[in-house]
There are 2 protein chains.
Amino acid sequence: GVDYLTDERKTAQFDIEAMKVAWAGSRETLEVSDRMAKLVANDPVFEKFSRPMLGRKELFKNTLRKAAYAWKLIVSLGLSEEEAKWLRLYIDEPAFTDLHWGMFIPAIEGQGTEEQKQKWLPLAQKMQIIGCYAQTELGHGSNVQGLETTATFDPQTDEFVLHSPTLTSSKWWPGGLGKVSTHAIVYARLIVGGQFHGVHGFIVQLRSLEDHSPVDGITVGDIGLKFGNGAYNTMDNGVLRFDHVRIPRNQMLMRVSQVTKEGEIMQSDVPRQLIYGTMVYVRQTIVADASKALSRAVCIATRYSAVRRQFGSRNGGPETQVIDYKTQQNRLFPLLASAYAFRFVGEWLKWLYMDVKQRLAANDFSTLPEAHACTAGLKSLTTTATADGIEECRKLCGGHGYLVSSGLPELFAVYIPACTYEGDNVVLLLQVARFLVKTVSELGHKKPVGTTAYMGRAAGLLQTNCAVQTAEEWLNPGAIVEAFEARAARMAVGIAQRLAKFENPEQGFAELAADLVEASVAHCQLIVVSKFIEKLQQQDIRGKGVRESLEVLCYVYALFTLHKHQGDFLATGCLSPKQASLANDQLRTLYSKVRPNAVALVDSFSYTDHYLGSILGRYDGNVYPKLYEAAWEDPLNDSDVADGFHQYVQPMLKQKLLLSSAKL
Amino acid sequence: GVDYLTDERKTAQFDIEAMKVAWAGSRETLEVSDRMAKLVANDPVFEKFSRPMLGRKELFKNTLRKAAYAWKLIVSLGLSEEEAKWLRLYIDEPAFTDLHWGMFIPAIEGQGTEEQKQKWLPLAQKMQIIGCYAQTELGHGSNVQGLETTATFDPQTDEFVLHSPTLTSSKWWPGGLGKVSTHAIVYARLIVGGQFHGVHGFIVQLRSLEDHSPVDGITVGDIGLKFGNGAYNTMDNGVLRFDHVRIPRNQMLMRVSQVTKEGEIMQSDVPRQLIYGTMVYVRQTIVADASKALSRAVCIATRYSAVRRQFGSRNGGPETQVIDYKTQQNRLFPLLASAYAFRFVGEWLKWLYMDVKQRLAANDFSTLPEAHACTAGLKSLTTTATADGIEECRKLCGGHGYLVSSGLPELFAVYIPACTYEGDNVVLLLQVARFLVKTVSELGHKKPVGTTAYMGRAAGLLQTNCAVQTAEEWLNPGAIVEAFEARAARMAVGIAQRLAKFENPEQGFAELAADLVEASVAHCQLIVVSKFIEKLQQQDIRGKGVRESLEVLCYVYALFTLHKHQGDFLATGCLSPKQASLANDQLRTLYSKVRPNAVALVDSFSYTDHYLGSILGRYDGNVYPKLYEAAWEDPLNDSDVADGFHQYVQPMLKQKLLLSSAKL
Ligand SMILES: Cc1cc2nc3c(=O)[nH]c(=O)nc-3n(C[C@H](O)[C@H](O)[C@H](O)COP(=O)(O)OP(=O)(O)OC[C@H]3O[C@@H](n4cnc5c(N)ncnc54)[C@H](O)[C@@H]3O)c2cc1C
Ligand SMILES: Cc1cc2nc3c(=O)[nH]c(=O)nc-3n(C[C@H](O)[C@H](O)[C@H](O)COP(=O)(O)OP(=O)(O)OC[C@H]3O[C@@H](n4cnc5c(N)ncnc54)[C@H](O)[C@@H]3O)c2cc1C
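Residues numbered from 1 in each chain as written. Chains lettered and ligands numbered in written order. Predicted model: local features only at pLDDT ≥ 70, side-chain atom pairs only at ≥ 80, totals over all residues. Heavy atoms only, no water.

Draft legend 1. A look at the sheet that holds strand β7 (residues 218-222) of chain B. Residue and element names in this part refer to chain B. Across the sheet, which stays open at both edges, the 3 strands sit in the order β4-β8-β7 with antiparallel pairing between neighbours. Either end of the sheet is taken by a strand with one partner, and the two such strands are β4 (171-172) and β7. As paired elements, β4 and strand β8 (residues 238-242) share 2 bridges and run antiparallel to each other. Across the sheet, the residue bridging to W172 is V239, located in β8. (Pairing = 2+ DSSP bridges. Helix = DSSP H or I, 4+ residues; strand = E, 2+ residues; numbered from the N terminus.)

Structure representation (structure tokens):
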């Protein structure tokens, strides 16, 4: 067929295959990922175009079908764990399997004893049981310590009795819980001997392994429709209530705390901080997902912006491609740069997690608080930016972006809960702030590590003067990092000083919460900028023009962020108005450098048309005929005259509505 | 029943009935509006809870039913035009009637000759014909002059021949076009004697008035699913193609230009600018709608934030209401203030439209460019802020905001196209920028009027120094307006100076487009702030504490905007970092003043639970039991064991998937 984007691809100034490798992380990853993407794209079972038109039941049944078929493929083709992960990603449909593999199994791995792991993991890994992660309740999400479900130890029978004492104690939200899971990790207040001993996880069977009917004493169901047409409605987020349900004592996850037969509580020598290791793991996957979601949206908006022409025709020639408008570039290119920035900071977080894991194994907890704060902050920053970015990409597509067939509405609807789950983004930033304030207060006697190392140079950063005098001088990683460090350090120190004026530190923290959040954001943006720059200094970036193009994106990310938050930089005196304005001038020049590479930079994500799921984002740019074709598939077009016309419209036109006996 | 928000209502420091009047605009308006709201809320036909669960056909048929029933009510109860308008608003469901009343009729009124009005308006007003507004095509939206549909005059038969010469010339998007409208105002390139004479409107019959089948030569249908579950899918946005369709010459809208029988083009003495009058009208209704939509979202988020408690329990007492967290206040209260700000600027725009209309009637076009720029800018500013604000309100509700039953997903999905239709928001801001630059360039010899009057004092504003020295001194309308004027003037003059350096002004405009948009935003924010302040100086604000509470909101709007854009204020030297920081301190104090009034301030919108359509936003705050009840109505809960279990899940659990003969 035709490729309407050929000309765009010709102007690319880098080796696209090499860029694909840089994006994927390695040639091997690219190969596996591409192979799985094609496997999914070429199999009609994974068709997803009609998804938004299905009713809830049909939609859900179709998800069960896809999940079963995927499992069949995984087993029969003998796919590796990595291959299976890519396969599930490209199927691109939230399902109970996400929680089974992503939360249920990791929770047992992380919190179960050896014995528990030996018993439960093989069952789960073969899908002889299906599990979910049931923490949140109707009344409590962010405040896990406030959960109301109780697990009361009964020494007579050596069992725990799970119970939902109030309406608000009903479990609410867990994915896969509603209609599929046979088991759940249930978080509940442990009560032994009438005493409350904190919240713990319990493995609870929910449904019969024979006929799937709920176990006695258990009420379970789906919580109803969520945002979007198809979107997250393929998932059975569930509600769950216990009426004195008994489970054997050995189903409490006991790696950290144990309850003995005699009702004694014992702490193992495994440190509690271990749980933070799991949080670092889960949140680094969320950062990786953010770059996936944002890059999809950017890919759609970039290709369509190159296809779309509006205004500026001369002598009847073609109009201007909307991607050539500076306003369009100023909205789109920073998002393109962010997709890359998040990709690389995600890659680094993966390394960080491995590092933390090794240290934990060696009983070294020194980096844990910093790693924890850093992943919490980056989870918040990247998911917020991605959610906003997807919607901006939709707007960049004008009216047509509002059609479900543009792919953007579903991408948005399915993505946004990432701002809420695994820690509400604002609550997370407050945790980061707490950590920053602590770091500042300990500066005298404790050397800050990792991403807070710059705080060790706070004294200097409070004094430093930015030396930039021309727009060109902003093309300097040192100058950029220093400006971001100075801003972050000054905001952190400034707020710490203001906090110190409060008699009651907690009251101060509450009072200044909004400003604390701003300081956290400044710190997190510094991390993203630094990690992007560090990435560019690595040896593993190969191929003609790849490093150069990534450098341009890195500068776009940094200078756009600087411009957007210039209030911070100016208020803290890190930059003069003149310097901020030079950064903005440089940004415009950078956009011109991105422009010829824009389409190739989104091609480098190596997404299939199936995965993108967007008529506007088609690889070949053949947008209009396909939009036109797709329209006719709407059920409303089944007949020329709409169902309901004779009953409701004709009597109106014929002025017979008042007479009409038709019950309206 | 119980009212969980009683305590919140008790703390209000103003007379809520008086505030309702202030919000509604007058006691009479409040009375009509409330009466219509109740009429809708109490009639089961207008039930909308189940809407998101319906398939497209069912959904659409149900909309036809509601529209017919509403018309029956309007006629049989003899409702006035104003009453009918409120009725349709509270039905809260996009439908063909919106375009029929909101675009088709006004277009004939504005662009039709007396003869045309006499012929078509009575038919339309009795709904003997149903019309829509068919401008946008697959290939052209923003660039109306680029439309490709042709209307060629055939002097032999005294007819126009409408034709769609290309695929991209297909009409695409018009609401009501797909399945309902019998007629359309079609915009097409007028061709007479082989010459192109600009784009004009034509009244075209699309469907038979007998059996509703499309007229010969016409292909018409629905363009397919749009964002959201129910949302805008109740509307039949349509596609339309012409294959040489003939209409009589007198169906061209000829108030401004005429084509004679002989094929001569004549301009009437009615000035072309008249169309701008219509645009001012339509856009002021959009600003009014923005305050409606934002206030609904804010109402939901405020009530739920008062009900929701998380963290901070002491000695087993109740936890902190999330509305007491400063971060929550810093996200929510500025939106509450914006809802009021947009309400009042909308009211003022309505006045502006009346003023323009009177002037036009008296052949005074002097204020038209300013009025046009001002409505374009305010349309852009308020719709962007509202779209973002609704989503922020959803996030403020944590996980539960993601449920369709929170009402927020649908509110968002149905609202966001307002950022695109009636002028893409960025394209509009560029128009405002053009006007601002022109105003600056003419400062020497032309006195700027209306909302740009401050530019006349530009010389002073470039020099002025803000005098604020304490946080209290920010509670001063004069200081605030001056800061906003200085910022806007300096940005406009600054960019005009930079533009002057380009040899080719158009190239300069294109190059600096992103900065021009920022200058436009500064100008528009000034308008909103000034109009809010002017409103507070009016006599018609009555009732205990009403003015005081509105003043607090006005300051919140202004100082929050100042803080968010402090980069502008600092970069232009309007404020010192210290002054900006004092503004932020004052903002925190203001939040404490909003807090006791928050629930009462959203009660003052006088919305019924039906209109809000949100379990989280219920008047009585009885959130949890109702969420729990609603969950069970999801079709997935029809049976304990999900449809598809035996086919897809059981074989997996029983490890029989590979053997299973079931075709997956
Ligand atoms: C699609 C989806 C899938 C989910 N899947 C699962 C799952 O599989 N398993 C599971 O257990 N849970 C799941 N959840 C639940 C999710 O983890 C919670 O919704 C999340 O933790 C947020 O908690 P919340 O809803 O209680 O929000 P809330 O805490 O009620 O937040 C409401 C508002 O209060 C603010 N707030 C709360 N506390 C503070 C504070 N201390 N300071 C300042 N502001 C505060 C928040 O910022 C927010 O604006 C899922 C949720 C969604 C939407
Ligand atoms: C729900 C809905 C209902 C509608 N109802 C109707 C209706 O009843 N009747 C009707 O006729 N139409 C209707 N429309 C169409 C609507 O008016 C157009 O979508 C709108 O005018 C935007 O035009 P576009 O889609 O061509 O966007 P485009 O102009 O293609 O915009 C795409 C991108 O290009 C950018 N861009 C375009 N031109 C410029 C420029 N000169 N400078 C800088 N950037 C530029 C935009 O900012 C945007 O980011 C409707 C649309 C929607 C979504």
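Following the structure, the description resumes.
Draft legend 2. Quick look at the relation of the copies chain B and chain A. If you rotate chain B by 180° and push it 0.0 Å along the axis, it lands on chain A with an RMSD of 0.0 Å. Taken together, the rotation angle and the small translation identify this as a two-fold axis. Residues of chain B ranked by C-alpha distance from the rotation axis are headed by G567 of chain B, positioned 1.7 Å from it. Both copies contact each other with a shared surface, as 100% of the interface residues of chain B are interface residues in chain A too. (Least-squares fit on C-alpha atoms with pLDDT ≥ 70 in both. Contact = heavy atoms within 4.5 Å.)

Draft legend 3. Quick peek at the sheet that holds strand β7 (residues 218-222) of chain A. Within the open sheet, the 3 strands sit side by side as β4-β8-β7 (chain A). Their pairing is antiparallel. Both edges of this open sheet fall to β4 (171-172) and β7 of chain A, since each of them pairs with a single strand only.

Draft legend 4. Broad picture of the site of ligand 2. Around ligand 2 lies a shell of 31 residues, among which R308 and Q328 of chain A together with T136, S142 and D424 of chain B are the nearest. Between ligand 2 and G175 of chain B, the relevant distance is 3.1 Å, taken from an oxygen atom to a main-chain nitrogen or oxygen of the residue. Protein contacts shield 93% of the accessible area of ligand 2, which totals 970 Å² for the unbound molecule. Of all elements in the fold, only α9 (326-361) and α10 (368-396) of chain A together with α12 (425-441) of chain B reach the threshold of two or more residues within the shell around ligand 2. Taken together, the residues that form the shell around ligand 2 break down as 15 nonpolar, 12 polar and 4 charged. (Near = heavy atom within 4 Å. Polar contact = N/O pair within 3.5 Å; in protein donor to acceptor, adjacent residues only side chain to side chain. Areas by Shrake-Rupley, 256 points an atom, 1.4 Å probe, with all protein chains shown as cover. Nonpolar A, V, L, I, M, F, W, Y, C, P; charged D, E, K, R; others polar.)

Draft legend 5. Local environment of the packing of helix α17 (residues 546-564) of chain B against helix α19 (residues 577-594) of chain B. Residues and elements named next belong to chain B. Orientation of α17 relative to α19, taken along the N-to-C sense of each, is 145°, at an axis distance of 9 Å. The chirality of how α17 crosses α19 is left-handed. When α17 is examined against α19, the residues V552, L553, Y555, V556, L559, F560, L562 and H563 are found in contact with a partner set consisting of A583, N584, Q586, L587, L590, Y591, K593 and V594. Class assignment of the residues belonging to the contact of α17 with α19 gives a composition of 12 nonpolar, 3 polar and 1 charged. (Axes fitted to C-alpha atoms, helices over the stretch in contact; angles between N-to-C directions. Left-handed = near helix turned anticlockwise from the far one by under 90°.)

Draft legend 6. Broad picture of the site of ligand 1. The full set close to ligand 1 counts 31 residues, and T136, S142 and D424 of chain A together with R308 and Q328 of chain B are the nearest of them. This site is not confined to one chain, since residues near ligand 1 come from chains A and B. Side-chain polar atom of Q328 of chain B to an oxygen atom of ligand 1: 2.8 Å apart, as the coordinates give it. When the residues that make up the shell around ligand 1 are grouped by side-chain class, the tally is 15 nonpolar, 12 polar and 4 charged.

Draft legend 7. Broad picture of the interface of chain B and chain A. Facing the 137 residues of chain B at the interface are 137 residues of chain A. Roughly 12,000 Å² is buried in total at the junction of chain B and chain A, and carbon and sulfur atoms are behind 64% of that figure. At the surface where chain B touches chain A, the tally comes to 14 salt bridges. Linking chain B with chain A are 55 residue pairs in polar contact (both at pLDDT 80 or more). Among the elements that make up the side of chain B that touches chain A, the one with the highest residue count is helix α4 (residues 56-76) of chain B (12 residues). Class assignment for the residues of the side of chain B that touches chain A results in 66 nonpolar, 36 polar and 35 charged. (Buried area = accessible area lost by both parts, 1.4 Å probe. Salt bridge = Lys/Arg side-chain N within 4 Å of Asp/Glu carboxyl O.)

Draft legend 8. Spotlight on the packing of helix α14 (residues 477-500) of chain B against helix α16 (residues 513-536) of chain B. All names here are of chain B. Remark: α14 packs on α16, axes separated minimally by 9 Å, with the N-to-C direction vectors making an angle of 160°. In terms of their interaxial angle, α14 and α16 are classed as roughly antiparallel. By crossing handedness, the relation of α14 to α16 is classed as left-handed. Counted together, P477, I480, V481, F484, E485, R487, A488, M491, A492, I495, R498 and L499 of α14 and D515, L516, E518, A519, A522, H523, Q525, L526, V529 and I533 of α16 form the full contact between these two elements. Considering only residue class, the contact of α14 with α16 consists of 15 nonpolar, 2 polar and 5 charged. (Parallel < 35°, antiparallel > 145°, perpendicular 65-115°, else oblique.)

Draft legend 9. Structural context of a nonpolar patch on the surface. Residues V75 of chain A together with L658 and L659 of chain B make up a contiguous nonpolar surface patch of roughly 300 Å² in combined accessible area. Looking at the element boundaries, V75 of chain A is found in helix α4 (residues 56-76). (Patch = residues over 30% accessible without salt bridge, like charges linked within 9 Å, V, L, I, M, F, W, Y side chains within 5 Å.)

Draft legend 10. Representation of the state of the cysteines within the structure. Residue and element names in this part refer to chain A. In this structure the tally under the stated criterion is 0 disulfides over all chains. Counting only cysteine sulfurs, C393 is the nearest neighbor of C299, a cysteine outside any disulfide, at a range of 9.9 Å. Residue C299 is classed as buried on the basis of its relative accessible area, which comes to 0%. (Disulfide = S-S within 2.5 Å. Buried < 20%, exposed > 50% of the residue type's maximum accessible area, 1.4 Å probe, protein only.)

Draft legend 11. Representation of the pairing of strand β1 (residues 131-134) of chain B. All names here are of chain B. Across the two faces of β1 the burial is the same, with G131 and Y133 and C132 and A134 all buried. Note: β1 against strand β5 (residues 183-192), 4 bridges, orientation parallel. Among the inter-strand pairings, C132 is bridged to a residue of β5, identified as A184.

Draft legend 12. Representation of the pattern of salt bridges in the model. On inspection of all chains with the given rule, the structure shows 88 salt bridges over all chains. Here R296 of chain A makes a salt bridge to D92 of chain A, at a shortest N to O gap of 2.8 Å. Remark: D92 of chain A occurs in the loop between α5 (81-91) and α6 (96-111) and R296 of chain A occurs in helix α8 (residues 274-307); sequence separation between them is 204 residues. There is no split in this pair, since R296 of chain A and D92 of chain A are both buried. Across the salt bridge formed by R246 of chain B and D154 of chain B, the nearest N and O atoms sit 3.0 Å from each other. Of this pair, R246 of chain B sits in strand β9 (residues 245-248) while D154 of chain B sits in strand β2 (residues 150-154), and the two are 92 residues apart along the sequence. Residue classification places D154 of chain B among the buried positions, given a relative accessible area of 14%. Taken together, the shared-partner salt bridges in this structure form one network comprising R498, E511 and D515 of chain A together with D585 and R588 of chain B.

Draft legend 13. Spatial organisation of the pairing of strand β5 (residues 183-192) of chain A. Residue and element names in this part refer to chain A. Burial of β5 is extensive: 9 of the 10 residues sit out of reach of the surface. Where strand β2 (residues 150-154) lies against β5, 3 bridges are found, and the strand directions are parallel. Bridged to T152 within β5 is I191. Sheet topology note: the β5/strand β6 (residues 195-205) ladder contains 9 bridges and is antiparallel. By the bridge assignment, V186 is partnered in β6 with F202. Linkage of β5 to β6, two consecutive antiparallel strands, is achieved through a turn of 2 residues, within which G193 is found at a positive phi near 55°.

Draft legend 14. Quick look at the domain arrangement of chain A. Residue and element names in this part refer to chain A. Per the domain assignment, the segments making up chain A are domain 1 (115-270) and domain 2 (275-603). The gap between the C-alpha centroids of domain 1 and domain 2 is 37 Å. Residue-level contacts link 7 residues of domain 1 with 10 residues of domain 2. Here domain 1 meets domain 2 over a buried area of about 630 Å², counting both sides, of which 67% is carbon and sulfur. At the junction of domain 1 and domain 2, the tally comes to 0 salt bridges. Put simply, domain 1 and domain 2 have 3 residue pairs in polar contact (both at pLDDT 80 or more) between them. In the side of domain 1 that touches domain 2, the residues fall into 3 nonpolar, 4 polar and no charged. (Domains from an automatic or database assignment.)

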